[in-house]
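Spelled out, the chains give:
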Amino acid sequence: MAKKVVLNCEKCGSRNYTFPAKEDSIVRLELKKFCSHCNEHTVHKQTL
């Protein structure tokens, strides 16, 4: 079963998305997603 990780907006810091990720993944996810607080597409990184 995949573990859920939280994605954090780089610009405003809000936690907007959850994403399924592998348990043994070493690399932190970095995706460009829409942030409803910033009202634009920004980079979202995986939180610890």
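Residues numbered from 1 in each chain as written. Predicted model: local features only at pLDDT ≥ 70, side-chain atom pairs only at ≥ 80, totals over all residues. Heavy atoms only, no water.

For the record, the criterion: UniProt positions are given in the numbering used here, feature names are shortened, and annotations may be inferred rather than shown by experiment.
With an unreviewed UniProt entry as reference, the chain is termed Large ribosomal subunit protein bL33, source organism Lysinibacillus zambalensis. A UniProt comment under Sequence similarities (unreviewed entry) is attached to the chain, and it reads "Belongs to the bacterial ribosomal protein bL33 family."

## Examining the overall build of the chain
Rule in force here: By the criteria applied, helices consist of DSSP H or I runs no shorter than four residues and strands consist of E runs no shorter than two, each listed in order from the N terminus. Throughout, exposure labels follow a simple rule: accessible area from a 1.4 Å probe, protein chains only, divided by the maximum for the residue type, with under 20% read as buried, over 50% as exposed, and the rest as partly exposed. In this description, contact between two residues means that some pair of their heavy atoms is separated by no more than 4.5 Å. To measure how exposed things are, a 1.4 Å probe is used in the Shrake-Rupley method; for residues, cover is taken only from the protein chains shown.
Each helix and strand in the chain was counted, giving 0 helices and 4 strands. A total of 48 residues make up the chain; the buried ones form 23% of that total. Sequence-distant contacts, at least 24 apart, represent 33% of the contacts inside the chain between residues at least 6 apart. Counting only carbon and sulfur atoms, one obtains 52% of the accessible surface of the chain, whose full area is about 3,900 Å².

## So, the packing of aromatic side chains
The description of an aromatic ring pair uses the distance of the two centres, along with the angle that the planes make with each other. The following threshold applies: Centres within 6.5 Å are what make two rings of Phe, Tyr or Trp a pair, Trp counting through its six-membered ring; a difference in plane orientation under 30 degrees is then read as stacked, over 60 as edge-to-face, and the rest as tilted. A ring is scored as having a charge over it whenever the NZ atom of a lysine or the CZ atom of an arginine sits within 6 Å of its centre and within 35 degrees of its normal.
The full count for this structure, using the stated rule, is 0 aromatic pairs. Sitting over the ring of Tyr-17, Lys-33 keeps its end group 4.7 Å from the ring centre.

## What to know about the pattern of salt bridges
In plain terms, the rule: For this document, the term salt bridge refers to a Lys or Arg side-chain nitrogen within 4 Å of an Asp or Glu carboxyl oxygen.
Counted by the stated rule, this structure contains 2 salt bridges. Glu-40 is the partner of Lys-11 in a salt bridge, and the nearest nitrogen-oxygen pair spans 3.2 Å. Taken together, the residues span a long stretch of sequence, with Lys-11 in the loop between strand S1 (3–9) and strand S2 (15–21) and Glu-40 in strand S4 (residues 40–46) at a distance of 29 residues. You can call Lys-11 exposed: its relative accessible area is 55%. Where Glu-30 meets Lys-45, a salt bridge forms, and the shortest distance between an N and an O atom there is 3.8 Å. In this pair, Glu-30 sits in strand S3 (residues 30–35) while Lys-45 sits in strand S4, placing the two residues 15 residues apart along the sequence. Assessed through its relative accessible area of 52%, Glu-30 is described here as exposed.

## A short note on the pairing of S2
This is how it is decided: The rule for pairing is simple: two strands pair if DSSP sees at least two bridges between them.
Relative to S2, S1 runs antiparallel, the two sharing 6 bridges. Within S2, the position partnered with Val-5 by the bridge is Phe-19. Between S1 and S2, which pair antiparallel and follow one another directly, the connecting turn spans 5 residues, one of which, Gly-13, has a positive phi of 85°.

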